[in-house]
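Descriptive analysis of the structure
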Amino acid sequence: MKKAFFNWSSGKDSAFALYKVLQDKEYDIKKLLTNVNEEYRRISMHGLREELLDEQVKAIGFPSEKLYFPAQVTMEMYNQKMKETLTSFKDEHLDYAIFGDIFLEDLKKYRDQKLAEVGLKGVYPLWKRDTKELLKEFLQLGFKTITVCVNAKLLGKEFVGRIIDEDFINELPDNIDPCGENGEFHTFCFDGPIFKNPVRFEIGEKVLKSYTLNEDDDQSCHTDTSEDIKEYDTSFWYCDLTPV
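Parameters at a glance
- Residues numbered from 1 in each chain as written.
- Predicted model: local features only at pLDDT ≥ 70, side-chain atom pairs only at ≥ 80, totals over all residues.
- Heavy atoms only, no water.
- Helix = DSSP H or I, 4+ residues; strand = E, 2+ residues; numbered from the N terminus.
- Rg over C-alpha atoms; globule rule 2.2 N^0.38 Å.
- Buried < 20%, exposed > 50% of the residue type's maximum accessible area, 1.4 Å probe, protein only.
- Contact = heavy atoms within 4.5 Å.
- Areas by Shrake-Rupley, 256 points an atom, 1.4 Å probe, with all protein chains shown as cover.
- Lys, Arg positive; Asp, Glu negative; His and termini not counted.
- Charge placed at Lys NZ, Arg CZ, Asp CG, Glu CD.
- Axes fitted to C-alpha atoms, helices over the stretch in contact; angles between N-to-C directions.
- Parallel < 35°, antiparallel > 145°, perpendicular 65-115°, else oblique.
- Left-handed = near helix turned anticlockwise from the far one by under 90°.
- Nonpolar A, V, L, I, M, F, W, Y, C, P; charged D, E, K, R; others polar.
- 1 Å grid on protein atoms, 1.4 Å probe; cavity = no way out; pocket = protein on both sides within 12 Å on 5 of 7 lines; lining within 4 Å.
- Points joined across faces, edges and corners; volume = space filled by probe spheres on them.
- Pairing = 2+ DSSP bridges.
- Right-handed = clockwise from strand over helix to strand, strands pointing away.

A word on the overall build of the protein chain. Along its length, the protein chain carries 6 helices and 10 strands. For the protein chain, whose C-alpha radius of gyration is 17 Å, the value lies close to the compact-globule estimate of 18 Å for 244 residues. Referenced to the eigenvectors of the C-alpha coordinate spread, the extents of the protein chain come out at roughly 45 × 45 × 35 Å. The proportion of buried residues among the 244 residues of the protein chain is 44%. Here the contacts in the protein chain between residues at least 6 apart in sequence split such that 74% fall between residues at least 24 apart. Put simply, the protein chain shows about 12,700 Å² of open surface, and 45% of that area lies on carbon and sulfur atoms. Positive and negative side-chain charges in the protein chain, numbering 33 and 46 respectively, have mean positions lying 6 Å apart.

Moving on, we get to the environment of Cys149. Structurally, the position occupied by Cys149 is in strand β7 (residues 144-151). It is 5.2 Å that separates the C-alpha atoms of Cys149 and His186, two residues lying 37 residues apart in sequence. Excluding residues within four positions of it along the chain, Cys149 makes contact with His46, Val160, Glu184, Phe185, His186, Phe236, Trp237 and Tyr238.

Considering the arrangement of structural elements, one finds Asn7 in strand β1 (residues 2-7). Judged by its relative accessible area of 17%, Asn7 is buried. With sequence-adjacent residues up to four places away left out, Asn7 is seen in contact with Ser14, Leu33, Ala97, Ile98 and Phe99.

This brings us to the packing of helix α3 (residues 75-91) against helix α4 (residues 105-116). Two elements in contact, α3 and α4, have axes whose closest approach is 10 Å; the angle formed by their N-to-C orientations is 55°. Classified by the interaxial angle, the pair formed by α3 and α4 is oblique. Relative to α4, the crossing made by α3 is right-handed. Contacts between α3 and α4 involve Met75, Tyr78, Asn79 and Leu86 from the former and Tyr110, Lys114 and Leu115 from the latter. Across the contact of α3 with α4, the residue classes break down as 5 nonpolar, 1 polar and 1 charged.

Take the environment of Glu65 next. Here Glu65 shows up in strand β4 (residues 64-69). Residue classification places Glu65 among the partly exposed positions, given a relative accessible area of 26%. Spatially, the C-alpha atom of Glu65 lies 19 Å from that of Phe190, the residues being 125 residues apart in sequence. Once residues lying within four places of it in the same chain are set aside, the contact partners of Glu65 are Lys31, Leu32, Leu33, Thr34, Thr85 and Phe89.

What follows covers empty space enclosed by the protein. In total, this model carries 1 cavity of 30 Å³ or more according to the counting rule given. Looking at the largest cavity, its volume works out to about 40 Å³. Elements with a minimum of two residues in the lining of the largest cavity: α1 (12-24) and α5 (131-140). Tallied by class, the residues present in the lining of the largest cavity amount to 6 nonpolar, no polar and 2 charged.

Let us look at the sheet that holds strand β8 (residues 185-191). Taken in spatial order, the 4 strands line up as β8-β7-β10-β9 in an open sheet, and their pairing is antiparallel. Whereas interior strands pair on both sides, the edge strands pair on one side only; in this sheet they are β8 and β9 (201-210). Across the sheet, the axes of successive neighbouring strands diverge by a mean angle of 25°, strand direction being ignored. Of the strand pairs in this sheet, β7 and β8 are connected by 6 bridges, and their pairing is antiparallel. If you follow Thr147 over to β8, its bridge partner there is Thr187.

On any regular strand, side chains alternate: one points to one face of the sheet, the next to the other face. Sheet topology note: the β1/strand β2 (residues 27-37) ladder contains 6 bridges and is parallel. Each residue of the ladder has a partner; that of Lys3, found in β2, is Asp28. Running through α1, the crossover from β1 to the neighbouring parallel element β2 is right-handed. Sheet analysis places β1 next to strand β5 (residues 96-98), joined by 3 bridges and oriented parallel. Each residue of the ladder has a partner; that of Phe5, found in β5, is Ala97.

Spatial relationships are all this shows, so hold off on functional conclusions.
Right under this line is the structure:
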């Protein structure tokens, strides 16, 4: 089997991609890698508490490695720290990096470029699958997931802190991808066939957070100088989940 590490977000796409890889038995996953905000101790992508990440990984049964970043991180800093980490994985003979991406070509191109710089290869078990069919299969297999962050420009407060089920899917506006692949929403997966036991939590406060982008900072991880700064979505609903 090919030695690999898994880029773990804690969400449904990561969980489903991990399930697919385990079923295929082509890759030997040695660890799960997650980016964490070192100031708030939450997953960088969507604000899930580090304690719940720990409980989730424990329930799945894989070693976990966390990459800590400051709240204000530049692309230069991000790329450098990622390169150091990937190089260390290469030294451990972990030659493959597995992702839960589905159809974002630019993101895949970026990932593959950075991996190639240190001699690694990307693996995408869900790539180009129909997202509606993916979500349907995900739920049929018994996975359970809850939204922890939604884009306030596209979805209202009622969509955050929701278990994804048929009602949730049916209520999504037509312009929203069923898997939230365009960043419409992010999730925390807490049960399913890859779990030894469900991760227990309580649903806490729902808050709207808005971010101000610095037009002069062309190195910000939150900006892309190839597009107009005004096109960026800067308000998000978050639901704070707390461990039980």
